[in-house]
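Each chain, written out:
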Amino acid sequence: MKLVELAAAGNEASDLLRVADGALLRELGARRAYWTVLDEGPVERCLALIIERADGSWHAEHVAAEAGVHAGRTEDAEALAHHDGWVYVLGSHFGSKAGPLRPKRAFVARFRESARPELEIVRHRFALHRVVNDALAELVTTGHPVAPGPVDPAVHDGFIEQTLRRGTAKGKAWVAQLAPGDHPVNIEGAAFTGRGTLLVGLRWPVTAAGEPVLVELAGVPELFTGGAVRVAGVYALTGTGSGPLGIRALAARPDGGYDAVIGSIDALDKGSVLLERHPHARHATCRHVRFELPGRPGPALLKAEPVADLAPLHHVEGVSERDGRPIYVTDEDHRIGLWL
């Protein structure tokens, strides 16, 4: 592969979503372009475009957006997805590498494609965390192979108990959405399905066998009109090799299938409690796989078909297509790595 190094606001990139709006491409003078999100800061300061000009050269543009009353109240945007003329942005819903969870990361935003987007933002105070954990707990009860393993005490203390203690001390209402026995949820990828649900890829938790987990959510667009989100299905990718492995990126394909990048459960050399508890996961490199959803939502094991072994890369954050071939973005310090 060929590496193109780019810069946008001195920050690294997550996810890669192709621009669908022709008017925006013409305004940019672009042959094609991709949305990405930058890791640090509120979502309105973390949108960027990766643009291929007519002459084949590439550059990145930081995109300033408006967030209204929610300005400065979000962080850690991780995943992008198209639906019904909107681009949706999801926060990680996670926390720092040793915890606690951070409420600013529990958000869903959306915008119409534009060089000057106006964001709609729902800060749902861990409602998604709650419905995902309830669905996982039910799978544990029934013994389904998609279910996660037991919650590690150190992980639970850092992410759940610390969050409960801090939220209770500050009188936060969102503590009602957290419960003993919960897993921290780390969203790294998203793609809407043909049935209008949102498929989210989890970097954590994984199944008891260490396989990557995907959760199908219904009601995400309705969040913006006061509705509630619910879990329609939970899936695990099988045939991925020795785990634990998490989802690093997710994209819908024109043929109705999905591309996913699987790899490490957390970042290296940043004090991750997950890697302390699973030290062999430090050596995981990324792989590109494809899969299809069943006709009806529900818990199921999905066969992951290999596309590319991306070793030695361990920090791939986005996948899309260019002229029918895969294109990837990697999380680089203070820059964007685009792999063609």
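This structure is a prediction, so every number in the text was calculated from the model and none was measured.

**A look at a positive patch on the surface**
Inference 1: Among the surface-exposed residues, Arg73, Lys104, Arg125, Arg166, Lys170 and Lys172 lie close enough to one another that they form a single positively charged patch.
Inference 2: Its location among the elements puts Lys104 in the loop between strand E7 (86–91) and strand E8 (107–111).

**Digging into the sheet that holds strand E21 (residues 335–339)**
Inference 1: Reading across from one edge, E1-E21-E20-E19 is the order of the 4 strands in this open sheet, with antiparallel pairing throughout. Two strands lie at the open edges of the sheet, namely strand E1 (3–6) and strand E19 (316–322), each paired on one side alone. Neighbour to neighbour, the strand axes of the sheet diverge by 25° on average, direction disregarded.
Inference 2: The pairing of strand E20 (residues 325–332) with E21 spans 5 bridges and is antiparallel. When the bridges of E21 are listed, Glu332 appears paired with Arg335.

**Structural notes on the packing of aromatic side chains**
Aromatic rings considered in pairs are described by the distance between their centres and by the relative angle of their planes.
Inference 1: Counted by the stated rule, this structure contains 7 aromatic pairs.
Inference 2: The interplanar angle of 75° and the centroid separation of 5.0 Å between the aromatic rings of Trp35 and Phe111 together place this pair among those described as edge-to-face. Residue Trp35 is found in strand E3 (residues 30–38), and its partner Phe111 is found in strand E8; the two are separated by 76 residues along the sequence.
Inference 3: A centroid spacing of 5.9 Å and a plane angle of 75° characterise the contact between Tyr88 and Phe224, whose relative ring orientation is edge-to-face. Linking Tyr88 in strand E7 with Phe224 in the loop between strand E12 (213–218) and strand E13 (230–238), this pair joins segments that are 136 residues apart in sequence.
Inference 4: Residue Tyr88 is classed as buried on the basis of its relative accessible area of 1%.
Inference 5: Directly above the aromatic system of Trp86 lies the positively charged group of Arg110, at a separation of 4.0 Å from the ring centroid.
Inference 6: Here Arg110 stacks its cationic end above the ring of Phe224, 4.3 Å away from the centre of that ring.

Cut-offs used in this document
Residues numbered from 1 in each chain as written. Predicted model: local features only at pLDDT ≥ 70, side-chain atom pairs only at ≥ 80, totals over all residues. Heavy atoms only, no water. Patch = residues over 30% accessible without salt bridge, like charges linked within 9 Å, V, L, I, M, F, W, Y side chains within 5 Å. Areas by Shrake-Rupley, 256 points an atom, 1.4 Å probe, with all protein chains shown as cover. Salt bridge = Lys/Arg side-chain N within 4 Å of Asp/Glu carboxyl O. Lys, Arg positive; Asp, Glu negative; His and termini not counted. Charge placed at Lys NZ, Arg CZ, Asp CG, Glu CD. Helix = DSSP H or I, 4+ residues; strand = E, 2+ residues; numbered from the N terminus. Pairing = 2+ DSSP bridges. Axes fitted to C-alpha atoms, helices over the stretch in contact; angles between N-to-C directions. Phe/Tyr/Trp six-rings, centres within 6.5 Å; stacked < 30°, edge-to-face > 60°. Buried < 20%, exposed > 50% of the residue type's maximum accessible area, 1.4 Å probe, protein only. Lys NZ or Arg CZ within 6 Å of the ring centre and 35° of its normal.

Any link to function would need more than the numbers given here.
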